[in-house]
Amino acid sequence: MQQVESFDLVLFGGSGDLALRKLLPALYSRHVAGDLPAHGRIIGVARQEQTREQFVAQVKEHCILNIEKGLFSETLFNVFAKRLEYLRVDAGIASDFSALADFLKDSAAKVRVFYLSTAPDLFTSICENLSVANLIHSNSRVVLEKPLGRDLASAQEINARVGSVFDESQIYRIDHYLGKEPVQNLMALRFGNALFEPLWSRSWVRDVQITIAERVGVEKRGDFYDRAGAMRDMVQNHLLQLLCIIAMEPPSSIDPDAVRDEKLKVLRGLVPMTAETVRGSTVRGQYRAGAIDGQPVISYVQEEGISSSSNTETFVALKAEINNWRWSGVPFYLRTGKRLQDRVAEIVINFRNVPHSIFPPPKGGIQGNRLIIQLQPEEELKLYLMAKEPGNEMQLKPVSLNLDFSEQFKQRPMDAYERLLMDVIRGKLTLFMRRDELDAAWRWVEPILDAWNSSDEKPKSYTAGSWGPAAASALLAREGSSWPEES
Ligand code: NAP
């Protein structure tokens, strides 16, 4: 791959969990792959006092921990480390930005990236202080981590204030699920093949299921999570973005606005929820104590940073519908949760059954075709077809065609953050959310949050290590469907 242009990447929150666990290892991996040019500096910024050497040692420790086995090399890291700098800046104090201005003053970099890997309540002061310090030029970009705001009004305020100093074309609202290889492949599958598109509608699709299940609890993010919950943390962004990629009309090109226009139409086409549909079409849950892999797990309300009377949801399952010709009447089931039985992120497209079968009914009946796009733990694509079992009888059985990307292409798949970071430096906005998409997502999610807030009903309790409350299975069973682990 071609090297990106020369850059300075200022990483606000450079000593935080996301930066150390994901972003810096991703940059190291692109360095090893040869994507970073000679002038490509990474400046970690946070309030904590530490020397450059201490920062480098921290980055090294996390690269060793977080990079796949065999890919870390002491020699290569020592070269990568020359790109690293650390500055102490309090994002809320304008005068602190003069240290950053001094550092960047004579830079030869063509592109300047400000990656805001901090709590979202710092986004606006960081942008305004960058502007006051005269650090934003026409080739500057800002990357905003999710979640952006906690409701429509707060998201709009952040967007307006960031938008007053950065042009929309300079703003990269990141959703790392869009950077995952199988999500790109879903687009390739749909728009690079004639095979699927004629079937990709209410005529042949029975339902769509999107699951992002985690085994982990709130880890060290208890305080943040208790204020957010699964709806804001996962549904408003990742799950709705995946839904958009599945449901959008073919864009006229892969250009950012062509793709984002189509995603926006999907979000605007989502049937708005009312208090009544929220009751019937959504399930929120909270985990109680249980066990995962035989290890006891405490309940959500016993976790650090969580109030003992918390009603925050750690699980959501819901049925969404899209009001348009292609999808009218097709349920899109979305599900996410913490402390579930398995760590899995996948999209399942269930196709309708054949209208008439000429074969003896197989055990379990003829099954409709099923396409599974797995994002986690493995990145793969499986298509289930009915095939004849060897032998005299015309007995059918579902078999799967597997596309294992690493096996097919004999290449290590790029981590989502690696791709997205390179896209930012290259100025490619296709995989980032536009402001109106974010507004539309909040507009759809907000009535659900409001209905939950004003209801006396508490989140349904589920055992840690299970697949969530029984009501989540009942949501699909009512329409003759089931989640993948139940079929
Ligand atoms: P974190 O571990 O709490 O790190 C926050 C970072 O911000 C630290 O480096 C902290 O260092 C710095 N910081 C805090 N206040 C500051 C200030 N006033 N000025 C300058 N720096 C300041 O948080 P995180 O988990 O990395 O998350 C960062 C962002 O990414 C959040 O918006 C989060 O929602 C999002 N995100 C995180 C993950 C994840 O897996 N962690 C996943 C998706 C999205 P000092 O305290 O030294 O200043």
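If you're wondering where the values come from, they're calculated on a predicted model, not measured in any experiment.

To continue, consider the sheet that holds strand β2 (residues 40-46). Ordered by their spatial adjacency, six strands build an open sheet running β3-β2-β1-β4-β5-β6, and the pairing between neighbours is parallel. Unpaired on one side and paired on the other, β3 (84-88) and β6 (171-173) mark the two borders of the sheet. Recorded for the sheet is a direction-independent mean angle of 20 degrees between the axes of neighbouring strands. Bridge count between strand β4 (residues 111-116) and strand β5 (residues 140-144): five bridges; the pairing is parallel. Across the sheet, residue V113 finds its bridge partner in β5, namely R141. Against the sheet, helix α2 (residues 52-66) makes contact with β2 and β3, and its axis sits at roughly 120 degrees relative to β3, the strand it touches most.

Now for the packing of helix α1 (residues 17-33) against α2. Geometrically, a packed helix pair is captured by the angle between its two axes and the distance between the axes. It is at 9 Å that the axes of α1 and α2 come closest, and there the two elements cross at 90 degrees. With respect to their mutual orientation, α1 and α2 come out roughly perpendicular. Here L20, R21, L24, P25 and Y28 of α1 come into contact with α2, specifically with F55, Q58, V59, H62, C63 and N66. For the contact of α1 with α2, the residue count by class is seven nonpolar, three polar and one charged.

Applying the stated criterion across every chain, the model contains 36 salt bridges. D35 is paired through a salt bridge with R30; the nearest N and O atoms lie 3.0 Å apart. The burial state of D35 is the same as that of R30; both residues are buried. Note that R161 is salt-bridged to E128, the shortest N-O span being 2.8 Å. With R161 in helix α6 (residues 152-163) and E128 in helix α5 (residues 123-132), the pair connects residues that are 33 residues apart, well separated along the chain. Judged by its relative accessible area of 31%, R161 falls in the partly exposed class. Judged by relative accessible area, E128 falls into the partly exposed class, the value being 26%. Counted as one network, the salt bridges with shared partners bring together R30, D35, E68, R412 and E418.

Of note, the amide linkage connecting K146 to P147 takes the cis form, showing an omega dihedral of -5 degrees. By the element assignment, P147 lies in the loop between β5 and α6. Cis rather than trans, the peptide bond between Q376 and P377 has omega equal to 0 degrees. In this structure, P377 sits in the loop between β14 (370-376) and β15 (380-388). Phi at E219 is positive, roughly 50 degrees, even though this residue is not glycine. Note on placement: E219 falls in the loop between β7 (205-213) and α8 (222-247). For E219, a relative accessible area of 53% translates into the label exposed. We note that R339 has phi near 55 degrees; this positive angle belongs to a residue other than glycine.

The next thing to look at is the sheet that holds strand β17 (residues 460-463). Taken together, the nine strands give an open sheet; going across it, the order is β16-β15-β14-β13-β7-β12-β11-β8-β17, and neighbouring strands pair in mixed fashion. Edge positions in the open sheet fall to β16 (396-404) and β17, since each of these has one partner strand only. Ignoring strand direction, the axes of neighbouring strands in this sheet form an average angle of 20 degrees. The pairing of β7 with strand β12 (residues 332-337) spans six bridges and is classified as parallel. When the sheet's bridge partners are listed, I210 is paired in β12 with L334.

UniProt feature "active site" (unreviewed entry): in the numbering of this structure it lies at H238. Beyond its immediate stretch of four places on either side in the chain, H238 contacts K146, D175, H176, Y177, I212 and D233.

In this numbering, the UniProt entry assigns the feature "binding site: substrate" (unreviewed entry) to H176, K180, E214, D233 and K338. The contacts of H176, once residues within four sequence positions are left out, are H238, A416, Y417 and L420. Positionally, D233 belongs in helix α8. Looking at D233, the relative accessible area reads 2%, which means it is buried.

This part is about the packing of aromatic side chains. Given two aromatic rings, their pairing is described by the distance between the two centres and the angle made by the two planes. Inspection of the entire model under this criterion finds 17 aromatic pairs. Measuring from centroid to centroid gives 5.8 Å for Y287 and Y300, while their planes differ by 75 degrees, and the two rings are edge-to-face. Highlighted residues: Y287 in strand β8 (residues 282-288) and Y300 in the loop between β10 (295-297) and β11 (315-320), separated in sequence by 13 residues. Of the two residues, Y287 and Y300, both sit in the buried class. Directly above the ring of W483 sits R335, whose terminal nitrogen or CZ lies 4.0 Å from the centroid.

We now examine the site of the ligand. In the region of the ligand, 19 residues are neighbours, and D17, R21, R47, A91 and T118 sit closest. For the ligand, an oxygen atom lies 3.4 Å from a polar atom in the backbone of G13. A distance of 2.8 Å separates an oxygen atom of the ligand from a polar atom in the backbone of L18.

Burial of strand β1 (residues 7-12) is extensive: six of the six residues sit out of reach of the surface. Burial along β1 is two-sided: the face carrying F7, L9 and L11 and the face carrying D8, V10 and F12 are both buried. As defined by bridge partners, β1 adjoins β2 across six bridges and the pair is classed as parallel. Paired with L9 across the two strands is I42, which belongs to β2. Once the chain exits β1 it traverses α1 before rejoining the sheet at β2, and the crossover so formed is right-handed.

So, on to the packing of α8 against helix α9 (residues 256-269). Running from N to C, α8 and α9 point in directions that differ by 110 degrees, and their axes come no closer than 9 Å. The orientation of α8 with respect to α9, classified from their angle, is roughly perpendicular. In this structure, α8 uses L240, Q241, L243, C244, I245 and A247 to contact α9, whose residues at the interface are K263, V266 and L267. Across the contact of α8 with α9, the residue classes break down as seven nonpolar, one polar and one charged.

The rules we used
Residues numbered from 1 in each chain as written. Predicted model: local features only at pLDDT ≥ 70, side-chain atom pairs only at ≥ 80, totals over all residues. Heavy atoms only, no water. Pairing = 2+ DSSP bridges. Helix = DSSP H or I, 4+ residues; strand = E, 2+ residues; numbered from the N terminus. Axes fitted to C-alpha atoms, helices over the stretch in contact; angles between N-to-C directions. Contact = heavy atoms within 4.5 Å. Parallel < 35°, antiparallel > 145°, perpendicular 65-115°, else oblique. Nonpolar A, V, L, I, M, F, W, Y, C, P; charged D, E, K, R; others polar. Salt bridge = Lys/Arg side-chain N within 4 Å of Asp/Glu carboxyl O. Buried < 20%, exposed > 50% of the residue type's maximum accessible area, 1.4 Å probe, protein only. UniProt positions renumbered as here; feature names shortened; annotations may be inferred. Phe/Tyr/Trp six-rings, centres within 6.5 Å; stacked < 30°, edge-to-face > 60°. Lys NZ or Arg CZ within 6 Å of the ring centre and 35° of its normal. Near = heavy atom within 4 Å. Polar contact = N/O pair within 3.5 Å; in protein donor to acceptor, adjacent residues only side chain to side chain. Right-handed = clockwise from strand over helix to strand, strands pointing away.

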